[in-house]
Each structure stands twice: as C-alpha cells, then as structure tokens.
Amino acid sequence: MKKFYVFFLAIACLSCNEDYIPKPKAFLSLEYPAARYSNAPLEALPFTFETNALAEQIKVKPLRASTESYGLNIEYSTLKGTIFLTYKAIENDKKNLADFIEDAQKLTLEHTKKADEIPAYPYENNERKVYGLFSEVIGNVASPAQFYITDSVNHFLTASLYFKTKPNYDSILPASHYLQNDMKRIMESIKWK
C-alpha cells in the first residue's frame, strides 16, 4: 500500500510541469440589426409614433379608466423584451395631469429599493408640444427604463421596458440599451392628433 502512495505522489509531482496560464476575460458579443423605423399602424389612436421593424407585434386594447385610455404592448421576441405603453386623455383637467404625472413618477421610484442609480433626462419639443422625462433605472430591477410624455392639455403617455427574464443588469444591458433607443425614438417621433 505504501508503494501505491509513493507511486501516486511521484506521478502527481511529475505531471504538473506545465505552467498555468489564466484564461483571458471574455465579453459577450451581441450584435443587433440597425434599427429601421417607420410609422406604427395605429389609425384609431389619438397619437402616432415610429417603431422599429424588429418589433414583431403591437397589441392595442382599450382600458377601463375615468378618461379615454389605451394600453399598447410592443413585443420584441428575439430580445425577450416588451415596451408597455399606457395612454390617458387629460381632458384639459389640471388635476388629471397632476395625478398622471404622480403615478408615472411613483412607478419609477418603486425601483429605488433595488436600483443603483436612476438618472432622469427631461425631454422637450415645443414645436410638437411634447414634454416629458426619460428615466434609466440602473441595477437588477424589473424595468430598466421608463418615460412619460404629455402635451399638458389633452394627452399623456407612459412607457416601461420589461424583459421576460430574471433581472440581471449585466446580462440584459445590451438588449436594454437597444430598446431604450427605441423608447427614445417613440418620444421623439410622437405626434398628437
């Protein structure tokens, strides 16, 4: 039995003569197609915007609310993500506008428990009467980006980005940035009817 241990020890010592070389760090290389935007087919709604051709489906449904309201889901199955939009008519009521802004900001602030940072970027286009705020939520959160826009009199639109996966900031970051650009394009191309 002693001979076996000596033999095993000799083999172990002689077999370890190759230097260990650590593997280089690898980064996930994801490439997405260049975005091709066109007007979304939304004739019945009180607004229009441009959407990316990568979005496979836009689902629209009326919502039960105190004012005219719609829910829109823009689905990107290849990225396992969805942009959820909610439209509400303000009806020239300052209380409605204040309530809608407060609700939109609450949605973003709910992520402060898990977010590392929430930078917010104001948006303003006086020519088209579009004013709002885009928020990027950094960290392992359910929704990495949200915005709201309004004309302050008749129209109010919110959007949030969600993925069909467990929140892991590093893993979804490339897809998140890609879809955040689509969200910004919605903000920039919105036209109220």
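Below is a summary of the structure that appears in this document.

Criteria and thresholds
Residues numbered from 1 in each chain as written. Predicted model: local features only at pLDDT ≥ 70, side-chain atom pairs only at ≥ 80, totals over all residues. Heavy atoms only, no water. Helix = DSSP H or I, 4+ residues; strand = E, 2+ residues; numbered from the N terminus. Buried < 20%, exposed > 50% of the residue type's maximum accessible area, 1.4 Å probe, protein only. Contact = heavy atoms within 4.5 Å. Areas by Shrake-Rupley, 256 points an atom, 1.4 Å probe, with all protein chains shown as cover. Pairing = 2+ DSSP bridges.

Quick look at the overall build of the chain now. A count of helical and extended segments in the chain gives three helices and 13 strands. Residues classed as buried in the chain amount to 40% of the 193 residues present. Counting contacts in the chain only where the partners sit at least 6 residues apart, residues at least 24 apart contribute 50% of the total. Accessible area for the chain stands at about 12,600 Å²; split by element, carbon and sulfur atoms hold 55% of it.

A separate point is unusual backbone geometry. Trans peptide bonds make up the majority, and among non-glycine residues the majority have a negative phi. Phi at Glu-91 is positive, roughly 60°, even though this residue is not glycine. For Ser-152, which is not glycine, the phi dihedral falls at a positive 75°. Assignment of secondary structure puts Ser-152 in the loop between strand S11 (145–150) and strand S12 (155–163).

With that out of the way, let us pick up the pairing of S12. Looking along a regular strand, one sees the side chains alternate between the two faces of the sheet. Most of S12 is tucked away: eight of the nine residues are buried. Sheet topology note: the strand S6 (residues 81–89)/S12 ladder contains nine bridges and is antiparallel. Within S12, the residue paired with Thr-82 across the bridge is Tyr-162. Pairing of S11 with S12, which is carried by six bridges, proceeds in the antiparallel orientation. The residue of S12 that forms the bridge with Phe-147 is Ala-159. Hairpin geometry of S11 and S12 is characterised by an intervening segment of four residues between the two adjacent antiparallel strands and by a positive phi of about 75° at Ser-152.

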